[in-house]
Amino acid sequence: MTAVPNDRPAVIHLTEAAKPLADRIAAAIGGEAIGVGARAVRAETTGAPIGSAAPGVGESLRGLFAAGRPLVALMASGALIRILAPLLSDKQSEPPVVAVAEDGSAVVPLLGGHHGANDLARRIAAVTDGFAAVTTAGDVKFGVALDAPPAGYALENPQDAKAVMAALVSGASARLEAAAPWLEASAIPLAENDSSDVATVRLTVTSTGRSPLPNELLYRPKTLVLGLGAERGAPAEEAIALAENVLAEAGVSPLSLAAVASLDVKADEAAVHAVAEHFGVPARFFAAARLEEEAPRLENPSDVVFAEVGCHGVAEGAALAGVGAAGRLRIAKRKSKRVTAALGEAPEPVDPATIGRARGTLFVVGIGPGSEAWRSPEVSRMVAASTDLVGYSLYLDLLGPLTGGKTRHDFDLGKEEARVRHAMELAGEGRRVALVCSGDAGIYAMATLVFELLDKGDVTDAAKRIEIVNSPGISALQGAAARAGAPLGHDFCTISLSDLLTPWDDIKRRVKAAAEGDFVIAFYNPVSKKRRTQLAFARDVLLQHRPADTPVILAANLGRKGETVRIVPLEALDVDEVDMLTVVIVGSSNTRVVSTGDGKRWAYTPRGYARKDGTGIAGGYAGAMPSR
């Protein structure tokens, strides 16, 4: 499964007064403003009941930091340091942390200065008209961080960067081997290559596979593209072994690999993605027509391959397409039993985002009832990682700031198949698409349509090759049960009363079977403007099998402003008090109601063994009062 990026900065504010500044900063840096603590979080924005406890500041910040989120916190730097101190262990893997004064006057990168914090601080200071208090020695003296090269380069030996920078700060000079624009533009004292000056340290840019010398930092330009061809179902181990052999034959460092490339019909080939994952680079895919443009430059053109896929070479063609017209074949096609590979080399670093296209990803997400507090972190990460959002307009609106910078594809209520098809075809173009559903996407929602369309073959070939990732959400059933107590403590079922897709005779049969089986029943789609009789039918059937005072939960606007939760007896269930936004849960014959000292009534269904002889549960403890 695609690793969902978790690097969207979390801009933390502790008070409502600081929220406007947090929103400004988040918009400027592509982050997400998050209120933390009781003074920042209100019931109407979180869906929490009045008087409920807000998450602790320390707990929230440590959770975000542990998850790898860059942190920008509008709070005192000392307090932030104390909160995160127990988690600090590895500066290479920890996310950047920046403290910002609540008035924006001071912006202090505390952790990960060379891993994004210094740049974040400068960008934030530009927004707030504040001062970025950058203190790392290299940035202050030379305007560059040696252990954080720009995109397109990788440092082979980051563990040596501290000693090299210390030597430079102490007055040493450096010799630059090969071109490195970001180093040439810095204030590092560089000895001329043709001079007699003796440089203390060496800064080398090369793809040649060798170990760094003493006092040398070895930078790898990402100039290589590995072209791959593979039979359907080729073993990942075979593909990885061939790829490693090709790089070894070329005598290059794997860190100089910019991408793995192949034909677009291989976008869902597991072996290709296994190689890309092995080297930590993206996989990119080209149409056959684009690879055929490289036919004059192929060393091993094949008419057989052309007859099968429409181009005279996959591995060599993809490698050459990846490195562009100025590039060349470093290693021509090499073959194993079921895989082919070739290596292309460009004169300058290759930006993978500009070659071919990615395998598209469809995130099928359930956002719960809609409030941020009831949306899972994984769903939020998937939405944040998406380029396009597809869904019913209200559901997209409920995402709030998460929709910023993304292309929205709004649909009216209904048109479910068109909605899903559109999302799949967008993903087929190589985009990251979130198909947004309320509740859980797999419960009476859009996830099933994705697989129906695949099963019927009713989408384009490109859409059939996309990656599909499902993430669960809190369903209306779960939300209503939690608010009302524990009515799902024993066997339960769900029944949709909508006859739009299901024959009414089937629905009637299921209602009767559930009534006879004494299940707790959650009714979805209980009524509509035109459909008013089905819920009344279900009530009347249930009254034949369970007591008239059986608890019925009516819950509406769960987790949002205007939330209501009521418990009424089954005989008093009034269809006119129910609408499409109401969740109806009818208890079993064992479901009971208990009141707490504050006068609140709760519904619960005892566990299955609660009435078994010898458990000691049915009678409770000595002196216990009956609850019903």
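Residues numbered from 1 in each chain as written. Predicted model: local features only at pLDDT ≥ 70, side-chain atom pairs only at ≥ 80, totals over all residues. Heavy atoms only, no water.

### Focus on the overall build of the protein chain
Line of reasoning, step 1. For the protein chain, the count of helices and strands is 21 helices and 29 strands.
Line of reasoning, step 2. Taken over the C-alpha atoms alone, the protein chain extends approximately 100 × 65 × 50 Å along its principal axes.
Line of reasoning, step 3. Residue burial in the protein chain is summarised as follows: out of 628 residues, 48% are buried.
Line of reasoning, step 4. Relative to all contacts within the protein chain whose residues are 6 or more apart in sequence, the contacts with residues 24 or more apart total 64%.
Line of reasoning, step 5. Carbon and sulfur atoms make up 53% of the accessible area of the protein chain, which amounts to about 28900 Å² in all.
Line of reasoning, step 6. Computed over 65 positive and 73 negative side-chain charges, the inter-centroid distance for the protein chain is 4 Å. (Helix = DSSP H or I, 4+ residues; strand = E, 2+ residues; numbered from the N terminus. Buried < 20%, exposed > 50% of the residue type's maximum accessible area, 1.4 Å probe, protein only. Contact = heavy atoms within 4.5 Å. Areas by Shrake-Rupley, 256 points an atom, 1.4 Å probe, with all protein chains shown as cover. Lys, Arg positive; Asp, Glu negative; His and termini not counted. Charge placed at Lys NZ, Arg CZ, Asp CG, Glu CD.)

### Looking at the environment of G143
Line of reasoning, step 1. Relative to the assigned elements, G143 resides in the loop between α6 (137-142) and β7 (153-155).
Line of reasoning, step 2. C-alpha of G143 to C-alpha of L396: the two residues are 253 residues apart in sequence and 42 Å apart in space.

### Comments concerning the sheet that holds strand β25 (residues 551-556)
Line of reasoning, step 1. In spatial order, the strands read β23-β24-β27-β25-β26; together these five strands make up an open sheet with mixed pairing. Sheet topology places β23 (492-496) and β26 (564-569) at the edges, where each strand pairs with a single neighbour. If you compare each strand with its neighbour and ignore which way they point, the axes differ by 20 degrees on average.
Line of reasoning, step 2. One ladder, built from three bridges, connects strand β24 (residues 520-524) with strand β27 (residues 582-586); its direction is antiparallel. Bridge pairing in β27 links I521 to V586.
Line of reasoning, step 3. Each of β23 and β24 is contacted by helix α20 (residues 504-516), which is oriented at about 160 degrees to β23, the strand it contacts most. (Pairing = 2+ DSSP bridges. Axes fitted to C-alpha atoms, helices over the stretch in contact; angles between N-to-C directions.)

### Topic: the pairing of strand β5 (residues 106-111)
Line of reasoning, step 1. Taken together, the four bridges between strand β4 (residues 97-100) and β5 define a ladder with antiparallel strand orientation. Looking at the pairing, V100 lines up with V107 of β5.
Line of reasoning, step 2. From the end of β4 to the start of β5, which pair antiparallel, there are five residues, and G104 there has a positive phi angle of about 80 degrees.
Line of reasoning, step 3. Where β5 and strand β6 (residues 131-132) come together, two bridges link them in parallel fashion. Across the sheet, the residue bridging to A106 is F131, located in β6.
Line of reasoning, step 4. You can see the chain leave β5, run along helix α5 (residues 117-128) and come back into β6, and the turn it takes is right-handed. (Right-handed = clockwise from strand over helix to strand, strands pointing away.)

### Comments concerning the nonpolar core
Line of reasoning, step 1. The biggest cluster of nonpolar side chains holds 29 residues, and the ones touching the most others in it are L226, L257, V260, V275 and L343.
Line of reasoning, step 2. Within the residue set of this core, elements represented by two or more residues are β12 (224-230), α9 (236-250), β13 (257-263), α10 (270-279), β14 (283-286) and β16 (339-345).
Line of reasoning, step 3. At seven residues, α9 tops the list of elements feeding residues into this core.
Line of reasoning, step 4. Not counting the four nearest positions on each side in its chain, L226 is found in contact with A243, V246, L257, A259, V260, A261, V275, A341, A342 and L343.
Line of reasoning, step 5. Within the second largest apolar cluster, 24 residues are counted, among which are A515, L542, L573 and V586. (Core = buried A, V, L, I, M, F, W, Y, C linked by side-chain atoms within 4.5 Å.)

### Considering the sheet that holds β13
Line of reasoning, step 1. The strand order β14-β13-β12-β16-β15 describes an open sheet built from five strands, whose pairing is mixed. The two strands at the open ends of the sheet, each matched to only one other strand, are β14 and β15 (328-335). The average angle at which neighbouring strand axes cross in this sheet is 25 degrees, direction not considered.
Line of reasoning, step 2. Bridging between β12 and β13 involves four bridges; their strand directions are parallel. Pairing of L226 across the sheet is with V260, part of β13.
Line of reasoning, step 3. Contacting β12, β15 and β16, α9 crosses the sheet at an angle of about 35 degrees to β16.
Line of reasoning, step 4. Strands β12, β13 and β14 of the sheet are contacted by α10, whose axis makes an angle of about 180 degrees with β13.

### A few points about the pattern of salt bridges
Line of reasoning, step 1. Applying the stated rule across the entire model yields 30 salt bridges.
Line of reasoning, step 2. Of the charged contacts in the structure, one is a salt bridge between R431 and D388, with a shortest N-O distance of 2.9 Å. On the criterion of sequence distance, the pair formed by R431 in the loop between α16 (416-428) and β20 (432-437) and D388 in strand β18 (residues 388-392) is long-range, its members being 43 residues apart.
Line of reasoning, step 3. The closest approach of N and O atoms between R408 and D397, which form a salt bridge, is 2.9 Å. (Salt bridge = Lys/Arg side-chain N within 4 Å of Asp/Glu carboxyl O.)

Remember that the coordinates give geometry; whether it matters functionally is a separate question.
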